[in-house]
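Architecture at a glance
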Amino acid sequence: MTEPVNTVAPDGLKFFGQMSASISHELKNTLSIMNESAGLLVDLSAMAEKGGEIDPAKIKRLSGMVQQQIKRTDDIIRNMNRFSHLVDEPFRQIETADFLRLVAQICRRLAASAGARLEAEEGGQPLNIVTRPFYLHYLLWGLIQFSINTAGTTGALKMRAEPAPGGGGAYIVFSGLETVPDNPEQLFSGKNTEKGLMSLLGAALHGNTPEKTLILFLPETMDQ
Amino acid sequence: MKPIQVLLVDDEEELVSTLAERLEIRGINAEWATSADAACEKVSERKYDVAILDVKLPCISGFDLQRKMAQIAPEVHFMFMTGHGSPGGFTGKNTEADLYDCLIKPVDIEVLVEKIRNAIRRNG
């Protein structure tokens, strides 16, 4: 029988490439804004040299725009760095709410391209689990895609972490969905990657049809 | 001579607003839109010579938007902007994309102006 890790590895590389490409597009956008802001400052200076007037408020606005984009770029690079380091160790302890924030930031642009706003809701008490962080990120992206493309979203697609009732792990709850089947795992029939990811993570998926939420159970720890 | 009318479409407002201002300084009348709906509304309201679309817009690709806009205003000449690393990232694969001028972000304003003027010359 094929090991789950062998099943998901080729697509895992594709996922890593997809996320990296999305990040690079976002960086290109921030660079473009800085390029045009700096270019406009040069244009205005050239006009001033020819006797035109410079509006100090405009200079301030453009400088502020550059500063904002530097901050945005720094955030993108920090997230990219965290994402890249997910593959460093096969198992690691994560704080679930913090992890969901990272997933939301990394996937936000791709979700927006598909027409959805992605948000990570703040959790209560810190909720730590030991898991395979790279594969968890990959599975969550699969569920985000399922939510957008199949279930449909109403406003923002939200993710939150909460302790699983009775302990033993964490629930990742997706809300803001239009419809949720009772047994969403059946959607993975024929999808070996998703099934492999669920198996690798010891995860279980179920739907709460009345509340229109999709719930992913993740165990507190894993056999390493 | 009538100034060239350009419409810039990208969901990054700071980018299109600043780029529009720089084109205005160079004698090109530029307006902008940050969504597909706003872009379609603008081309249905007034005449543009050139529309420059981002390849990746929320909910719709620049190429799909181009088809919608061309139905409303077939006389518009279209160009694309992309955050891809090189034009080969999307041209050469899509015969439709290969028909258009594609600019890589960050855009060189002088190259952009030249492409706009060339497009107007070509279209008469």
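Residues numbered from 1 in each chain as written. Chains lettered and ligands numbered in written order. Predicted model: local features only at pLDDT ≥ 70, side-chain atom pairs only at ≥ 80, totals over all residues. Heavy atoms only, no water.

**Focus on the overall build of chain A**
Counting its regular elements, chain A contains 5 helices and 7 strands. For chain A, the α and β elements follow one another from N to C terminus as α-α-β-α-β-β-α-β-β-α-β-β. In terms of principal-axis extent, the alpha carbons of chain A reach across some 75 × 40 × 35 Å. Per-residue burial for chain A yields a buried fraction of 45% across its 224 residues. Considering only contacts in chain A between residues 6 or more positions apart, those separated by 24 or more positions represent 72%. Element-wise, carbon and sulfur atoms account for 52% of the exposed surface of chain A, whose accessible area totals about 11000 Å². The positive charge centre, built from 21 side chains, and the negative charge centre, built from 25, are 5 Å apart in chain A. (Helix = DSSP H or I, 4+ residues; strand = E, 2+ residues; numbered from the N terminus. Buried < 20%, exposed > 50% of the residue type's maximum accessible area, 1.4 Å probe, protein only. Contact = heavy atoms within 4.5 Å. Areas by Shrake-Rupley, 256 points an atom, 1.4 Å probe, with all protein chains shown as cover. Lys, Arg positive; Asp, Glu negative; His and termini not counted. Charge placed at Lys NZ, Arg CZ, Asp CG, Glu CD.)

**Notes on the packing of aromatic side chains**
Going through the model one piece at a time under the given rule, you end up with 10 aromatic pairs over all chains. Ring plane angle 15° and centroid distance 5.2 Å describe the contact between F16 of chain A and F83 of chain A, whose orientation is recorded as stacked. Of this pair, F16 of chain A sits in helix α1 (residues 4-49) while F83 of chain A sits in helix α2 (residues 56-84); the two residues are 67 residues apart in sequence, bridging distant segments of the chain. Here a set of aromatic residues connected by ring pairs shows up, and it is made of F15, F16, F83, F134, Y135 and Y138 of chain A. Looking at R46 of chain B, its charged tip hangs above the ring of Y48 of chain B, at a distance of 5.0 Å from the centre. (Phe/Tyr/Trp six-rings, centres within 6.5 Å; stacked < 30°, edge-to-face > 60°. Lys NZ or Arg CZ within 6 Å of the ring centre and 35° of its normal.)

**A closer look at the pairing of strand β7 (residues 213-219) of chain A**
All names here are of chain A. Across the 7 residues of β7, 6 count as buried, placing the element largely inside the fold. Strand direction decides the pairing type here: strand β5 (residues 169-177) and β7, joined by 6 bridges, are antiparallel. Paired with I172 across the bridge in β7 is L216. One ladder, built from 5 bridges, connects strand β6 (residues 204-208) with β7; its direction is antiparallel. Considered in β7, the bridge of G207 is made with L214. (Pairing = 2+ DSSP bridges.)

**Describing the pattern of salt bridges**
Residues and elements named next belong to chain A. For the coordinates displayed, the defined rule picks out 26 salt bridges over all chains. R101 is the partner of E122 in a salt bridge, and the nearest nitrogen-oxygen pair spans 3.0 Å. Here E122, found in the loop between β2 (117-120) and β3 (128-131), pairs with R101, found in helix α3 (residues 96-113); they are 21 residues apart in sequence, far enough to count as distant. R101 sits in the partly exposed class, given a relative accessible area of 28%. (Salt bridge = Lys/Arg side-chain N within 4 Å of Asp/Glu carboxyl O.)

**With respect to the packing of helix α2 (residues 36-45) of chain B against helix α3 (residues 62-72) of chain B**
Residues and elements named next belong to chain B. Taken N-terminus to C-terminus, the directions of α2 and α3 make an angle of 20°; their axes are 9 Å apart at the nearest point. The pairing of α2 with α3 is recorded here as roughly parallel in orientation. Between α2 and α3 the crossing geometry is right-handed. Every residue of α3 that contacts α2 at A36, A39, C40, V43 and S44 is listed here: L65, K68, M69 and I72. Its residues placed into classes, the contact of α2 with α3 shows 7 nonpolar, 1 polar and 1 charged. (Axes fitted to C-alpha atoms, helices over the stretch in contact; angles between N-to-C directions. Parallel < 35°, antiparallel > 145°, perpendicular 65-115°, else oblique. Left-handed = near helix turned anticlockwise from the far one by under 90°. Nonpolar A, V, L, I, M, F, W, Y, C, P; charged D, E, K, R; others polar.)

**Let's talk about the confidence of the model for chain B**
Here chain B averages 90 in pLDDT, while 89% of its residues score no lower than 70. Both scores are available for the predicted complex, with the pTM at 0.89 and the ipTM at 0.91. (pLDDT = per-residue confidence, 0-100.)

**Some points on the nonpolar core**
Ranked by size, the top nonpolar core spans 52 residues in total, and within it L140, I144, F174 and L216 of chain A carry the most contacts. The set of elements that each furnish at least two residues to this core consists of α1, α2, α3, α4 (133-151), β4 (153-163), β5, α5 (192-201) and β7 of chain A. Ranked by residue count, the leading element in this core is α4 of chain A, at 12 residues. Two domains each put at least three residues into this core: domain 1 (2-85) and domain 2 (91-219) of chain A. In this structure, F174 of chain A is in contact with L140, L143, I144, S147, L157, K158, M159, K212, T213 and L214 of chain A, ignoring residues within four places of it in sequence. Core analysis: the second largest hydrophobic core is formed by 22 residues, V9, Y48, F63 and M69 of chain B among them. (Core = buried A, V, L, I, M, F, W, Y, C linked by side-chain atoms within 4.5 Å. Domains from an automatic or database assignment.)

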